[in-house]
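Secondary and tertiary structure notes
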Amino acid sequence: VQLQASGGGLVQAGDSLRLSCLASGRVFSPYVMAWFRQAPGKEREFVAGISWRGGITKYSDPVKGRFTISRDNGKRSMYLEMNSLKPEDTAVYYCATPQLSAGDVYTSFEEYLYWGQGTQVTVSS
């Protein structure tokens, strides 16, 4: 399974960005997908996750109300719309998917086996 994240960049506080994650190597639709992020000196943290049909989404408290996760199974892609960005959102953002299909939307990185290479998001104040 290969995951390719893209869409990061350098923006100012209050701006928006849209991240994308393109999957290949196995059937896309039956699997939960998630975004994590890792800032320098900090542990990798859960940002948002989405069930395989898209009907269930979960968000971490710091991003709730500002970020929106979505997926397009036909395009084998997942997205993260990030609005009202803050300097504390600065991190490398990773997309991830677990090994087993049709599972819960896990928030622990230990539940995810496959990871993308990450895309840098930098928000200046």
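Residues numbered from 1 in each chain as written. Predicted model: local features only at pLDDT ≥ 70, side-chain atom pairs only at ≥ 80, totals over all residues. Heavy atoms only, no water.

**Quick word on the nonpolar core**
Core analysis: the largest hydrophobic core is formed by 26 residues, its most contacted members being Trp35, Val47, Phe67, Met78, Leu80, Met82 and Tyr93. The set of elements that each furnish at least two residues to this core consists of strand E1 (2–6), strand E3 (17–24), strand E4 (33–38), strand E5 (45–50), strand E7 (67–72), strand E8 (77–82), strand E9 (91–97) and strand E11 (119–124). In terms of residues, this core owes the most to one element, E3, which gives four residues. Each residue touching Leu80, except ones within four places of it in the same chain, is listed here: Leu17, Arg18, Leu19, Trp35, Val47, Ala48, Phe67, Thr68, Ile69 and Tyr93. One finds Val32, Phe36, Phe46 and Ala96 within the second-largest nonpolar core, a separate group that totals seven residues. (Core = buried A, V, L, I, M, F, W, Y, C linked by side-chain atoms within 4.5 Å. Buried < 20%, exposed > 50% of the residue type's maximum accessible area, 1.4 Å probe, protein only. Helix = DSSP H or I, 4+ residues; strand = E, 2+ residues; numbered from the N terminus. Contact = heavy atoms within 4.5 Å.)

**So, the pattern of salt bridges**
Applying the stated criterion across every chain, the model contains six salt bridges. Put simply, Arg18 and Glu81 hold a salt bridge, and the shortest N to O gap is 3.8 Å. Of this pair, Arg18 sits in strand E3 while Glu81 sits in strand E8, placing them 63 residues apart in sequence. We classify Glu81 as partly exposed; its relative accessible area is 29%. Here Asp89 ties to Arg66 by a salt bridge, and the two come within 2.8 Å at their closest N and O atoms. Taken as a pair, Asp89 in the loop between E8 and E9 and Arg66 in the loop between strand E6 (57–59) and E7 lie far apart in primary sequence, 23 residues in all. When sorted by exposure, Asp89 lands in the same class as Arg66, which is buried. Residues joined in a network through salt bridges with shared partners are Arg37, Glu45, Arg66 and Asp89. (Salt bridge = Lys/Arg side-chain N within 4 Å of Asp/Glu carboxyl O.)

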